[in-house]
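An overview of the molecular structure
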Amino acid sequence: MEFKENFIERYNEITDFEEFKEAISKRLRKSIRVNTLKTSVKELRSGISGLKQIPWCKEGFYIERKETAVGNLKEHFLGYFYVQEAASMIPALILNPVGKDLILDMSAAPGSKTTQMAAMMKNNGAIIANDIKWDRIKALSMNLQRCGVSNTIVTIYKGENFPDIKFDKILLDAPCSGTGTIQKSPDTLEIYNPGMIKKLSYQQKRLILKAYSLLKENGILVYSTCSLEPEEDEEVINHLLERTDAKLEKASLADLKSSPAILEFEGEKYNSEIKKCLRIWPQDNNTEGFFIAKIKKKA
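To start, this report covers the structure provided alongside it. Here the structure is a predicted model, which is why all the values come from computation and not from measurement.

**Overview of the overall build of the chain**
Looking only at helices and strands, the chain has eleven helices and 14 strands in total. Here the C-alpha radius of gyration of the chain, 19 Å, is about what a compact globule of 299 residues would show, namely 19 Å. By the burial criterion, 55% of the 299 residues in the chain qualify as buried. Within the chain, contacts between residues separated by at least 24 positions form 76% of all contacts whose residues are at least 6 apart in sequence. Summing over all exposed atoms, the chain offers an accessible surface of approximately 13500 Å²; the carbon and sulfur share of this is 49%.

**Quick look at helix H1 (residues 5–14)**
Counting along an α-helix, one turn takes 3.6 residues, and residues three or four places apart therefore face a common direction. Where H1 is concerned, the buried positions are Phe 7, Arg 10, Tyr 11 and Ile 14. Buried residues in H1, looked at end-on, bunch into an arc of 90°, giving them a common side. Turned more than 90 degrees away from the buried face of H1 sit Glu 5 and Glu 13, all of them exposed.

**Some points on helix H10 (residues 234–243)**
Of all ten residues making up H10, eight are buried, and the element is well covered by its neighbours. Among the residues of H10, Glu 234, Glu 235, Val 236, Ile 237, Asn 238, His 239, Leu 240 and Leu 241 are the ones counted as buried. Structurally, H10 contributes buried residues whose contacts are with helix H9 (194–213), strand S9 (215–225), strand S10 (247–249), strand S12 (268–269), strand S13 (278–280) and strand S14 (290–296).

**Regarding the environment of Asn 143**
Within the secondary structure, Asn 143 is located in helix H7 (residues 134–146). With near-sequence residues (within four places) excluded, Asn 143 lies in contact with Tyr 82, Pro 110 and Thr 115.

**Things to note about the nonpolar core**
The nonpolar side chains of soluble globular proteins are, as a tendency, buried together. Core analysis: the biggest nonpolar cluster contains 44 residues, and Tyr 223, Ile 237 and Ile 295 have the highest contact counts within it. Elements represented by at least two residues in this core include exactly H1, helix H2 (17–25), strand S8 (167–173), H9, S9, H10 and S14. It is H9 that provides the largest number of residues to this core, a total of five residues. Setting aside residues up to four positions removed in sequence, Tyr 223 forms contacts with Leu 172, Ala 174, Gln 204, Ile 208, Glu 232, Val 236, Ile 237, Phe 291, Ile 292, Ala 293 and Ile 295. In this structure, Ile 90, Ile 94, Ile 127 and Phe 290 belong to the second largest nonpolar core, which totals 35 residues.

Reading the values: the criteria
- Residues numbered from 1 in each chain as written.
- Predicted model: local features only at pLDDT ≥ 70, side-chain atom pairs only at ≥ 80, totals over all residues.
- Heavy atoms only, no water.
- Helix = DSSP H or I, 4+ residues; strand = E, 2+ residues; numbered from the N terminus.
- Rg over C-alpha atoms; globule rule 2.2 N^0.38 Å.
- Buried < 20%, exposed > 50% of the residue type's maximum accessible area, 1.4 Å probe, protein only.
- Contact = heavy atoms within 4.5 Å.
- Areas by Shrake-Rupley, 256 points an atom, 1.4 Å probe, with all protein chains shown as cover.
- Arc of directions from axis to C-beta.
- Core = buried A, V, L, I, M, F, W, Y, C linked by side-chain atoms within 4.5 Å.

This is how it looks when you write it as structure tokens:
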């Protein structure tokens, strides 16, 4: 991998760059999530060999077998499991949807977290799965059908223009630079530039303010990205805290390692409450990098 000078300088400020570089140089472990709408963990484990439990998700497993083309297995075609990166399973677990909830998945395609939430809800309650482009909606719809999801309605809106409907819980897995996914997508390094990060941060701030406005009183919003950029993560949460009455709740899962949130970056100090957010570097758990914040709306 070739790193641009401005990338190295920035990441030297916010992490141990050599540890980070070593972590993303390793092969990313393939992982799946059992779709309990169609089968049980016990049944799938008896049919597929080489599964190792992901510590923080009882339906999640690493694939430890020579043949890793799991997408070609009949169980995949039948919707018995979803190929999903281990860190990607965390936001839905933090949101913790239940069967009575009305949920908005604001940027849902291709549907990994939507199908996960539907399974957690046992197809009860209701999910509005929204995205912005028809090609992404097509992939989302196909995955919902394959996984047997029946409590979900698909919509196509720009997130900031979503209709004024009030939700119990909202997942905003925001469009981002994807710098946490370099291990899988090294091309991210080629297009990386600070201007792109600032543009994305502006969009994310608009989206999170809109998402917060759609919450019912005492509702929960989970904001997540697969970015490691403070401007897309802590700065976005700081923006929300400065402009609303939002309160942060501690985001954590048993057996999940994380790193401290960044409370100061390039001369800007963020709200100390942001320490309650989850910042996950690739070197923490040998996964992709992720950022997760759990936000509550005051009554």
